There are 2 protein chains.
Amino acid sequence: MTLHSHRLTDRDSPIADDGDEVRFCSTCAFSGASTQAGYDKAALRDLHVLVEHVGPYQAGAHVFRRHDPFRAIYAVRGGTVKTVAIDTEGNEQVLGFYIPGEVVGLNAIYPEHYPCDAVALEPTYFCRFSFSAISALATKMPGLQQQLFRLLSKELGMTSRLAGDHAADERVAAFLIDLAERYATQGFPARRLHLAMSRSEIADYLRLAAETVSRMLTRFRDLGLIAIDGRDVEILAPAPLNELARNVLGR
Amino acid sequence: MTLHSHRLTDRDSPIADDGDEVRFCSTCAFSGASTQAGYDKAALRDLHVLVEHVGPYQAGAHVFRRHDPFRAIYAVRGGTVKTVAIDTEGNEQVLGFYIPGEVVGLNAIYPEHYPCDAVALEPTYFCRFSFSAISALATKMPGLQQQLFRLLSKELGMTSRLAGDHAADERVAAFLIDLAERYATQGFPARRLHLAMSRSEIADYLRLAAETVSRMLTRFRDLGLIAIDGRDVEILAPAPLNELARNVLGR
DNA sequence: GCTGCCCCTTGATCTGGATCAATAACACCG
DNA sequence: CGGTGTTATTGATCCAGATCAAGGGGCAGC
C-alpha cells in the first residue's frame, strides 16, 4: 500500500519516486511539519527546495564520520543506518539504528561536530537537509520547528530508556518490540521484521555480548514467543514480550 | 564574581536579584539566545515577560510528576534537581541532575507528558517558561531557537554517553569530572564541589549499587585522587580521573 | 545529652552476563 | 561444486559488581 511496504517486496526499485515531491514528503520525517499549523504552500516548497537526495550508500559505507563538522541532518528514505561511537579500546558502541522516516545527526547540533560515525547497514538513501537552512526555515514554519523539537525529544527519551539497567531478556525483548513498532509506524507489517544488523551490532546497541543476544533469541524461540530464520524474525506472542519490554520502554 | 559564585558563600540570599532583568538573564540558560544573533531588545523583553520565577521547592518536593501534561520547561536558578523514572519493581532510575543554568523538562516535548518526576534535592528556584510561549518566541528569535536545539542536543549527547557500558570506576570518575566542569561553567570553583545528592542517588544515576559508588570514592581517596568530607569532594588529581572518565565522556 | 533515623562505609557472598572456546550455518567466489 | 571467510549458536568458565549483612557516624527532635 505505501511506498515503503511496496519497497519491501520489490527490491529493484528501493526508493520513492522523486518526481512527486509532495507525495514523497508525506512519507518523510518532516511530513507533519507542513500539515500541522496550516498548510503553507510557499514554505512547503522551500522545504522541498532545500532537500538533497543522496545515496545509495552501500552496506558498510560511512554517511558521516566522527569529528566531521556538523552541516546536515539526514532523513532516511530507504535502507538502514547505525550510528556508532568507538572508544579508546576499540569497543563499538552502537548509539542507534535508523529506519526509513527517521532522522540521523541530531546529536551533532550541540558539539557542532558529529560525535559518532553513521554507517549504512544495507543500500541506503537519504534526504539531506542543511541544518542551518532547515533551522532558518523553521523560523518561518512553526510546524517544522515543532517537528525538530519533537524529533530531538523523542530520541532523548529513547536513549535514556536504553540507559536504564535492565536484564538481558528485557533488553532484547524491548529491542524487538520497539523495532517492530517503528516499522509498523512506517507502514510495514507489525509482526514480521527483517533485521538489517548483525547479532553483534544488536549486542553493541543493547550493551550485551553477542552470545547473550543469541541466547535470548534462542530462549524466546524455545518459549514460542518468536520464530527466527536468520535475520528474519516473526513475533508470535507479542503480549509476553511486551511484558518483558515494559520497564525498558517506560510503560 | 558572578551571582552564582556569590551564592555559594552566602547561603542566606540564594537567588539572583529579580530586579535587574538583563543581568539576571545573563546567568540563565537562555543568555546566549539574545546576544547571539544581534541583540533584539524587544524580543529580549518578550523573553523576560514570559518567564515566571517559581520556588523555593524544598528538598524532596516535586517540581512536576510523571504523566503530568507537559506545559513548561524549567531553568534552574538556584539549587539542584533530579529527574527520576520509577519502574514497575520500584527501582529508582535517576535520569539526570540539574544545577543552576541548566534546563529540566525537555524530554517531555515529544510525549507531551513528563516521562519522569522532577524532585528538588535542596531548596531550589526556577525560571519557568511556558513551552508553547517560548517556542512561539523562538520563531521570532533565531538565537533562542538555536539555544533550544543546542540544549536538547547536548542532553542527548550526555545521555547516550551515560548509556555506554563502562566500568564502575570510569563511571564514578566521569560523574565527578562532569559535575565539576558543569559547576565551573557556571562560575563555581572547579576543584571543590558539594554533592547535593546521596550516594544512592548517584548510584541510581550511574546504574551502580550505592555500595559500589562508596567503594569507588574510597578507592579514589586512598589513591590520593580526591579528598572526601561527607558530601564535599575536592579533586586533587584531575589528570588520572580524566583519564578514567575519558571513554565515558567521549573524548 | 540521649534516642532514633538515615546515610555511609566496609566486609562476605552470590550471580548474571562476559569471556573463552568450539562448532555449525551460511554466503560468496573462483 | 568445494574452499574460505564471516556470522550465529552452544557450551564451559570466570569475574565485576550486585546483594546481603553488619557496624559507624551525623544530626534532628525531645
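Above this text you will find the structure in question.
Everything numeric in this text was worked out from a predicted model, so none of it was measured. (Residues numbered from 1 in each chain as written. Chains lettered and ligands numbered in written order. Predicted model: local features only at pLDDT ≥ 70, side-chain atom pairs only at ≥ 80, totals over all residues. Heavy atoms only, no water.)

### Structural notes on the overall build of chain A
Reasoning step 1: Along the backbone of chain A there are 10 helices and 11 strands.
Reasoning step 2: Taking all 251 residues of chain A together, the buried fraction comes to 54%.
Reasoning step 3: Looking at chain A alone, contacts between residues at least 24 apart form 72% of all its contacts between residues at least 6 apart.
Reasoning step 4: Surface summary for chain A: the accessible area is close to 10700 Å², and the carbon and sulfur share equals 51%. (Helix = DSSP H or I, 4+ residues; strand = E, 2+ residues; numbered from the N terminus. Buried < 20%, exposed > 50% of the residue type's maximum accessible area, 1.4 Å probe, protein only. Contact = heavy atoms within 4.5 Å. Areas by Shrake-Rupley, 256 points an atom, 1.4 Å probe, with all protein chains shown as cover.)

### Some points on the interface of chain A and chain B
Reasoning step 1: Between chain A and chain B, the contact holds 38 residues from the first and 38 residues from the second.
Reasoning step 2: Taking both sides of the interface into account, the surface hidden between chain A and chain B amounts to around 3400 Å²; carbon and sulfur atoms contribute 59%.
Reasoning step 3: Contact with chain B buries surface across chain A, with Tyr110, Phe149 and Leu156 of chain A losing the most and accounting together for 20% of the total.
Reasoning step 4: At the boundary of chain A and chain B, one finds two salt bridges. (Buried area = accessible area lost by both parts, 1.4 Å probe. Salt bridge = Lys/Arg side-chain N within 4 Å of Asp/Glu carboxyl O.)

### Thoughts on the protein's contact with DNA strand D
Reasoning step 1: Of all residues adjacent to DNA strand D, which total 16 residues, the nearest are Arg199, Ser214 and Thr218 of chain A together with Ala168 and Thr212 of chain B.
Reasoning step 2: Among the atoms of DNA strand D close to the protein, meaning within 4 Å, 61% are from sugar or phosphate groups.
Reasoning step 3: Taking Ala168 of chain B, its main chain carries an N or O atom lying 2.7 Å from a phosphate oxygen of DNA strand D.
Reasoning step 4: Contributions of two or more residues to the surface near DNA strand D are made by α9 (210–222) of chain A together with α9 (210–222) of chain B. (Near = heavy atom within 4 Å. Polar contact = N/O pair within 3.5 Å; in protein donor to acceptor, adjacent residues only side chain to side chain.)

### Comments concerning the pairing of strand β8 (residues 124–130) of chain B
Residue and element names in this part refer to chain B.
Reasoning step 1: Along β8, five of the seven residues are buried, which leaves the element largely enclosed by surrounding structure.
Reasoning step 2: Note: strand β1 (residues 51–57) against β8, five bridges, orientation antiparallel. Residue pairing in the sheet places His53 in a bridge with Cys127 of β8.
Reasoning step 3: In this structure, strand β3 (residues 72–78) lies alongside β8, joined through six bridges in antiparallel fashion. Of the residues in β8, the one forming a bridge with Ile73 is Phe129. (Pairing = 2+ DSSP bridges.)

### Description of the sheet that holds strand β9 (residues 192–194) of chain A
Residue and element names in this part refer to chain A.
Reasoning step 1: Across the sheet, three strands lie side by side as β9-β11-β10; this open sheet has antiparallel pairing. Strands with a single pairing partner mark the edges of an open sheet, and in this sheet they are β9 and β10 (226–229). Adjacent strand axes in the sheet meet at a mean angle of 15°, parallel and antiparallel pairs treated alike.
Reasoning step 2: In this sheet, strand β11 (residues 232–235) lies alongside β10 in antiparallel orientation, the contact comprising four bridges. (Axes fitted to C-alpha atoms, helices over the stretch in contact; angles between N-to-C directions.)

### Quick notes on the relation of the copies chain A and chain B
Reasoning step 1: When chain A is brought onto chain B, the operation consists of a screw motion whose angular component is 180° and whose axial shift is 0.0 Å, with 0.0 Å RMSD remaining. The transformation just described matches what one would write down for a two-fold rotation axis.
Reasoning step 2: Of the residues that chain A buries at the interface, 100% are likewise interface residues in chain B, meaning the two copies contact each other through the same surface. (Least-squares fit on C-alpha atoms with pLDDT ≥ 70 in both.)

### Some thoughts on the packing of aromatic side chains
In this description, an aromatic ring pair is defined by two values, namely the gap between the centres and the angle between the planes.
Reasoning step 1: Across all of its chains, the model carries 23 aromatic pairs over all chains by this definition.
Reasoning step 2: Centre to centre, the rings of Tyr74 of chain A and Phe126 of chain A are 5.5 Å apart; their planes meet at 80°, and the pair counts as edge-to-face. One end of the pair, Tyr74 of chain A, is in strand β3 (residues 72–78); the other, Phe126 of chain A, is in strand β8 (residues 124–130), with 52 residues separating them in the sequence.
Reasoning step 3: Judged by relative accessible area, Tyr74 of chain A falls into the buried class, the value being 6%.
Reasoning step 4: Judged by centre distance (5.8 Å) and plane angle (45°), the rings of Phe64 of chain B and Tyr74 of chain B are tilted. Separated by 10 residues along the polypeptide, Phe64 of chain B in strand β2 (residues 62–64) and Tyr74 of chain B in strand β3 bring together distant segments of the chain. In this pair, the class of Phe64 of chain B matches that of Tyr74 of chain B, namely buried. (Phe/Tyr/Trp six-rings, centres within 6.5 Å; stacked < 30°, edge-to-face > 60°.)

### Let's talk about the packing of helix α6 (residues 142–163) of chain A against helix α5 (residues 131–140) of chain B
Reasoning step 1: Taken N-terminus to C-terminus, the directions of α6 of chain A and α5 of chain B make an angle of 120°; their axes are 10 Å apart at the nearest point. Here α6 of chain A lies oblique to α5 of chain B, going by the angle between them. Pair α6 of chain A / α5 of chain B crosses with right-handed handedness. On α5 of chain B, the residues touching Pro142, Gln145, Gln146 and Phe149 of chain A of α6 of chain A are Phe131, Ser135, Ala138 and Thr139 of chain B.
Reasoning step 2: Its residues assigned to classes, the contact of α6 of chain A with α5 of chain B comprises four nonpolar, four polar and no charged. (Parallel < 35°, antiparallel > 145°, perpendicular 65-115°, else oblique. Left-handed = near helix turned anticlockwise from the far one by under 90°. Nonpolar A, V, L, I, M, F, W, Y, C, P; charged D, E, K, R; others polar.)

### Structural notes on unusual backbone geometry
Reasoning step 1: At Glu112 of chain B, a position not held by glycine, the phi torsion is positive, near 70°.
Reasoning step 2: Positionally, Glu112 of chain B belongs in the loop between β6 (103–104) and β7 (117–120).

### A short note on the sheet that holds β7 of chain B
Residues and elements named next belong to chain B.
Reasoning step 1: Within the open sheet, the four strands sit side by side as β2-β7-β4-β5. Their pairing is antiparallel. Across the chains shown, the open sheet's two edge strands, defined by having one partner strand only, are β2 and β5 (92–98). Pairs of neighbouring strands in the sheet enclose a mean axial angle of 30°, with direction left out of account.
Reasoning step 2: By the bridge criterion, six bridges tie strand β4 (residues 81–86) to β5 in an arrangement that is antiparallel. When the sheet's bridge partners are listed, Val84 is paired in β5 with Val94.
Reasoning step 3: Against the sheet, helix α8 (residues 199–206) contacts β4 and β5, and its axis sits at roughly 100° relative to β5.

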